[in-house]
Amino acid sequence: MFKDSYKNAMMIYVVQMVLIVILVNNNFMKSLDVFQPKNQELFRIFTGILIFILNGFSIFVLRELYAKNKEERQFLINSIRFKYIEEQNRIYRQNHHDIKNHLIIISELVKEKRYSELENYLSSYMEEIDKNLVTINTGVNEIDILLYSKISNAKSKDIEVDFKCDTQIQCSKKHVLNLVSVLGNLIDNAIEACDEMEKDKYIIIEMKEDPIDYIFHIKNRYNFQTVVKPSIFFEEGFSTKEGRGRGEGLYIVRNIVEKYSGEIEVQTDGGYFDVIVEIPKFSLEGD
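Residues numbered from 1 in each chain as written. Predicted model: local features only at pLDDT ≥ 70, side-chain atom pairs only at ≥ 80, totals over all residues. Heavy atoms only, no water.

## As for the sheet that holds strand E2 (residues 202-209)
Sheet strands pair by backbone hydrogen bonding; their relative direction is either parallel or antiparallel. Counted only if it meets this: Being paired, for any two strands, means DSSP has found at least two bridges between them. Counting from the N terminus, the helices are the DSSP runs of H or I reaching at least four residues and the strands are the DSSP runs of E reaching at least two. Axis geometry follows a simple rule: fit a line to the C-alpha atoms, using only the stretch in contact for helices, then measure angles between N-to-C directions, giving values from 0 to 180 degrees. Here, residues are in contact when the closest pair of their heavy atoms is within 4.5 Å.
Strand order across the open sheet formed by five strands is E1-E2-E3-E5-E4, with mixed pairing between neighbours. Both edges of this open sheet fall to strand E1 (160-165) and strand E4 (263-267), since each of them pairs with a single strand only. On average, each strand axis in the sheet is inclined to that of its neighbour by 10 degrees, with strand direction left out of account. For E1 and E2, the ladder comprises six bridges, and the chain directions are parallel. Paired with Phe 163 across the strands is Ile 205, a residue of E2. Most of the contacts of helix H4 (residues 141-156) go to E1, to which it runs at about 160 degrees, and overall it touches E1 and E2. Of the strands in this sheet, E2, strand E3 (213-221) and strand E5 (272-280) touch helix H5 (residues 173-195), which is tilted by about 15 degrees from E3.

Spelled out as structure tokens, the structure:
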């Protein structure tokens, strides 16, 4: 019965509407004695019973739709958690492998008493660690792993990333996926824009709060070929690049931000693409 709840729901509501239209039309045509059944009472009783039964079925179908929606949301949340665990495992294996290789080299230099080379090697190693080390603690595990993954991806493309977080986000599990979508789309846009530049590849990611809002600031270098009004960026399908399926990122972001009674502002001055998103705390913290 509930293999396709959406299809069943549509069928039930369509049949209900048809029966209601027939019943209403019958009453309107009564004075003209047009399209009237021979037994009015039996017709109305039969039609009323059918509508009542269909309403009963609607309750079960709606309950099934609600259950499926909860399952789908839980699946998405579990997917994000799985990616978090997977990324943590990858980081551990990578670091374990790198440290082992570095220790082998250090050990050999010590054995051969090549202290000058050892000092240079350790100095280079520490510089590399400082360059790649990113400490992320936003208060939401899913956001932490998203940011770590995106920043690592940017650095692999030789894009300099300046990350700063001055807040601990309090976000209900119900709203985590939407916040991930907002930040993910904005950072993806920034990485894609910087990746197309030959130099000055630079992204700023800032998270802070005021007494009312959480504030997310994404700023990146951008090589504008044409002047575009900031409001145009939020239109569905708009993109500065050719290709099918583009131009949805900022449109999605705008819709989500508006859903939470937030504000989004874009500035394109001085060769930068600057996005500031403000979302009320109560919108993310509430159930």
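Read on, since the account is not over.
## Some details on a nonpolar patch on the surface
Applicable threshold: Residues enter patches when their relative accessible area tops 30% and they take part in no salt bridge; the joining distance is 9 Å for like charges and 5 Å for the nonpolar side chains Val, Leu, Ile, Met, Phe, Trp and Tyr. In these tables, accessible area is a Shrake-Rupley quantity obtained with a 1.4 Å probe, and a residue counts as shielded only by the protein chains included in the view. Here a salt bridge means any side-chain nitrogen of Lys or Arg lying within 4 Å of a carboxyl oxygen belonging to Asp or Glu.
A cluster of nonpolar side chains, contributed by Ile 45, Ile 49, Phe 52, Ile 53 and Phe 57, occupies part of the molecular surface with about 520 Å² of accessible area. Inspection of the secondary structure puts Phe 52 in helix H2 (residues 40-111).

## Some words on the packing of H4 against H5
Applicable threshold: Angle categories: roughly parallel below 35 degrees, roughly antiparallel above 145, roughly perpendicular from 65 to 115, and oblique for all the rest. Amino acid classes used here: Ala, Val, Leu, Ile, Met, Phe, Trp, Tyr, Cys and Pro are nonpolar; Asp, Glu, Lys and Arg are charged; the rest, including Gly, are polar.
At a minimum axis separation of 10 Å, H4 and H5 run at an interaxial angle of 10 degrees. What the angle tells us is that H4 and H5 run roughly parallel. When H4 is examined against H5, the residues Glu 142, Ile 143, Leu 146, Leu 147, Lys 150, Asn 153 and Ala 154 are found in contact with a partner set consisting of Lys 173, Val 176, Leu 179, Val 180, Leu 183, Gly 184, Ile 187, Asp 188 and Ile 191. For the contact of H4 with H5, the per-class residue count stands at ten nonpolar, two polar and four charged.

## Describing the pattern of salt bridges
Definition in use: Burial classification: accessible surface area is computed with a 1.4 Å probe over protein chains only, and a residue below 20% of its type maximum counts as buried, one above 50% as exposed, and the rest as partly exposed.
Per the counting criterion, the structure on display carries seven salt bridges. A salt bridge links Glu 117 to Arg 114; its shortest N-O distance comes to 2.5 Å. The partner of Glu 142 in a salt bridge is Lys 173, and the shortest N-O contact between them spans 3.4 Å. Taken together, the positions of Glu 142 in helix H4 and Lys 173 in helix H5 put the pair 31 residues apart, joining distant regions of the chain. Take Lys 173: its relative accessible area is 43%, and that puts it in the partly exposed class. A single salt-bridge network, built from bridges that share partners, covers Glu 112, Arg 114 and Glu 117.

## Quick word on the nonpolar core
Keep this limit in mind: In this description, a nonpolar core means a group of buried Ala, Val, Leu, Ile, Met, Phe, Trp, Tyr and Cys residues linked to one another through side-chain atoms lying within 4.5 Å.
In this structure, Ile 143, Ile 169, Leu 179, Leu 186, Ile 205 and Phe 216 are the most contacted members of the largest nonpolar core, which totals 41 residues. Per-element accounting of this core gives the leading share, eleven residues, to H5. Once residues within four sequence positions are removed from consideration, Leu 186 is found in contact with Ile 218, Leu 250, Val 253, Val 275 and Val 277. Core analysis: the next-biggest nonpolar cluster, separate from the first, contains seven residues, Ile 12, Leu 19, Leu 54 and Leu 65 among them.

## A few points about the packing of aromatic side chains
Centre-to-centre distance and the angle between the planes together describe a pair of aromatic rings. Filter applied, for reference: Side-chain rings of Phe, Tyr and Trp, where Trp is taken by its six-membered ring, are said to pair if the distance between their centres is within 6.5 Å; with planes under 30 degrees apart they count as stacked, over 60 as edge-to-face, and otherwise as tilted. In this scheme, the term charge over a ring applies when either NZ of a lysine or CZ of an arginine sits within 6 Å of the ring centre and within 35 degrees of the ring normal.
Under the criterion given, the structure shown has one aromatic pair. The aromatic ring of Tyr 272 is capped on one face by Arg 221, whose charged end is 4.9 Å from the ring centroid. Above the face of the Tyr 214 ring, Lys 281 is positioned so that its terminal group lies 5.8 Å from the ring centre.

## Some details on H4
Put simply, the test is: By this rule the span expected of a helix is its residue count minus one, scaled by 1.5 Å.
Here H4 spans 22 Å end to end across 16 residues, near enough to the 22 Å set by a 1.5 Å rise per residue. Listed in full, the buried residues belonging to H4 are Glu 142, Ile 143, Asp 144, Ile 145, Leu 146, Leu 147, Lys 150, Ile 151 and Ala 154. One or two steps after H4, the chain reaches Asp 158, where phi turns positive at roughly 60 degrees.

## What about the side chain of Lys 201?
What counts here: Side-chain atoms alone can form a polar contact between residues adjacent in sequence; in general such a contact is a pair of N or O atoms within 3.5 Å, and within protein one must be able to donate a hydrogen while the other accepts it.
Mapped onto the elements of the fold, Lys 201 is located in the loop between H5 and E2. Side-chain polar atoms of Lys 201 contact the backbone oxygen of Met 197, separated by 3.5 Å. Setting aside chain neighbours within four positions, we find Lys 201 in contact with Lys 157, Asp 158, Ile 159, Glu 160, Cys 194 and Asp 195.

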